Amino acid sequence: MQKAQHEYPMQSGSMLRFSVTKINLFLMDASDYFRNLAASMPQLERQILNDVIAVEAERIHAENFRAEAFIDVPVQKWAPRKKADKNPAKRALLVKTGTLKGHALKGRVRTGAVEFVFPLEYEKVHNEGMKAGRGAGFQMPKRQFVGESKILTDRIQKKAQKVITEHLKSKI
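Along every chain, residues carry numbers that run from 1 in the direction the sequence is written. Where totals are concerned, whole chains, interfaces and linings use all residues; where local detail is concerned, this predicted model gives features only for residues with pLDDT of at least 70, and gives and counts side-chain atom pairs only at 80 or more. To obtain the side-chain values, all non-hydrogen atoms of the structure were included, while hydrogens and water were left out.

Student: Please explain the overall build of the protein as it appears in this structure.
Tutor: Comment: elements are numbered from the N terminus, with helices defined as DSSP H or I runs of at least four residues and strands as E runs of at least two. Of regular secondary structure, the protein possesses five helices and eight strands. Reading the secondary structure of the protein in the N-to-C direction produces β-β-α-α-β-β-α-β-β-α-β-β-α. Categorising residues by exposure relies on relative accessible area from a 1.4 Å probe, with only protein chains included: less than 20% of the type maximum marks a residue as buried, more than 50% marks it as exposed, and the intermediate range marks it as partly exposed. Out of the 172 residues in the protein, the part that is buried amounts to 28%. Contacts were defined at the residue level, with two residues in contact if any of their heavy atoms lie within 4.5 Å. Of the contacts formed within the protein by residues at least 6 apart in sequence, a portion of 49% connects residues at least 24 apart. Computed with a 1.4 Å probe, the accessible areas rest on the Shrake-Rupley method; for each residue, only the protein chains presented here act as cover. In the form shown here, the protein has an accessible surface area of approximately 12400 Å², with 57% of it arising from carbon and sulfur atoms.

This is the structure in structure tokens:
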């Protein structure tokens, strides 16, 4: 293969020499890099969904129960009980058996999203503050423990950026 040589004068009078063949090799390497990077995107997306979004959402969910509030800007404290608890030992709001806390804890990774499902009918009532009880019932105060929050979004973005940066470094 015939190499095309090009010379360009530099400021000090010396010459900068490069080979078109070397540039073509560099471009082929860059092309391979971007092809490999594009091929690894589905795996990177799964990693971000499983290792970042689901984990951070589960962490903030647990923090919401510990703080008895929805962790957001601003923090939204849960309304206290109207009646004193029959249990002499003070227990946390929304925690009697631990069923509610445990059911909504795990997010399910679906195509392009993490879903938190409310398998218990009363979870949505507590989370969104809806009508509860039989007949006329009563209005349950909103004690949100799952949902979008600025703090959750910021955590996800920070950790996802770290995963993406590490992924890009591993492809070099």
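Student: Mind showing me how you'd approach the layout of surface pockets here?
Tutor: A water-sized probe, rolled over the atoms, reveals where empty space remains. In this analysis a 1.4 Å probe is tested at points of a 1 Å grid over the protein atoms alone, and where it fits but cannot get out there is a cavity; an open set with protein on both sides within 12 Å along at least five of seven lines is a pocket; lining residues have an atom within 4 Å of a point. Grid points are joined across faces, edges and corners, and a volume is the space filled by probe spheres set on the points. There is about 270 Å³ of room inside the second largest pocket. Taken together, 17 residues form the lining of the second largest pocket, with Ala57, Gly147, Glu148, Leu152 and Ile156 sitting closest to its centre. Within the residue set of the lining of the second largest pocket, elements represented by two or more residues are helix H2 (41–67) and helix H5 (150–170). A total of five residues in the lining of the second largest pocket trace back to one element, the largest contributor, which is H2. Three classes are used, and their members are as follows: Ala, Val, Leu, Ile, Met, Phe, Trp, Tyr, Cys and Pro are nonpolar, Asp, Glu, Lys and Arg are charged, and the others, Gly among them, are polar. Its residues assigned to classes, the lining of the second largest pocket shows 10 nonpolar, six polar and one charged.

Student: Hey, could you run me through the packing of aromatic side chains in this one?
Tutor: Given two aromatic rings, one states the distance between the centres and the angle between the planes to describe the pair. Pairing of aromatic rings covers Phe, Tyr and Trp, the last counted by its six-membered ring, and requires centre-to-centre distances within 6.5 Å; plane angles under 30 degrees mean stacked, over 60 mean edge-to-face, and any other angle means tilted. This model, assessed by the stated rule, comprises two aromatic pairs. Relative to tryptophan 78, the ring of phenylalanine 65 lies with its centre 5.5 Å away and its plane at 85°, an arrangement referred to as edge-to-face. Remark: tryptophan 78 occurs in the loop between strand S4 (76–77) and helix H3 (99–103) and phenylalanine 65 occurs in helix H2; sequence separation between them is 13 residues. Here phenylalanine 65 matches tryptophan 78 in class, with each residue buried. Relative to phenylalanine 145, the ring of phenylalanine 65 has its centre 5.2 Å away and its plane inclined at 45°; by these criteria the two rings are tilted. Remark: phenylalanine 145 occurs in the loop between strand S8 (138–139) and H5 and phenylalanine 65 occurs in helix H2; sequence separation between them is 80 residues.

Student: Help me understand the pattern of salt bridges, please; the structure alone is not making it clear to me.
Tutor: It is possible for side chains bearing opposite charge to pair when their charged atoms get close. Note on definitions: salt bridges are taken to be side-chain nitrogens of Lys or Arg within 4 Å of carboxyl oxygens of Asp or Glu. In total, this model carries four salt bridges according to the counting rule given. Arginine 59 serves as the salt-bridge partner of glutamate 56, at 2.8 Å between the closest nitrogen and oxygen. Note that glutamate 56 and arginine 59 are positioned in helix H2 at a spacing of three residues, about one turn of the helix. Glutamate 63 is paired through a salt bridge with arginine 155; the nearest N and O atoms lie 3.0 Å apart. With glutamate 63 in helix H2 and arginine 155 in helix H5, this pair connects stretches of sequence that are 92 residues apart.

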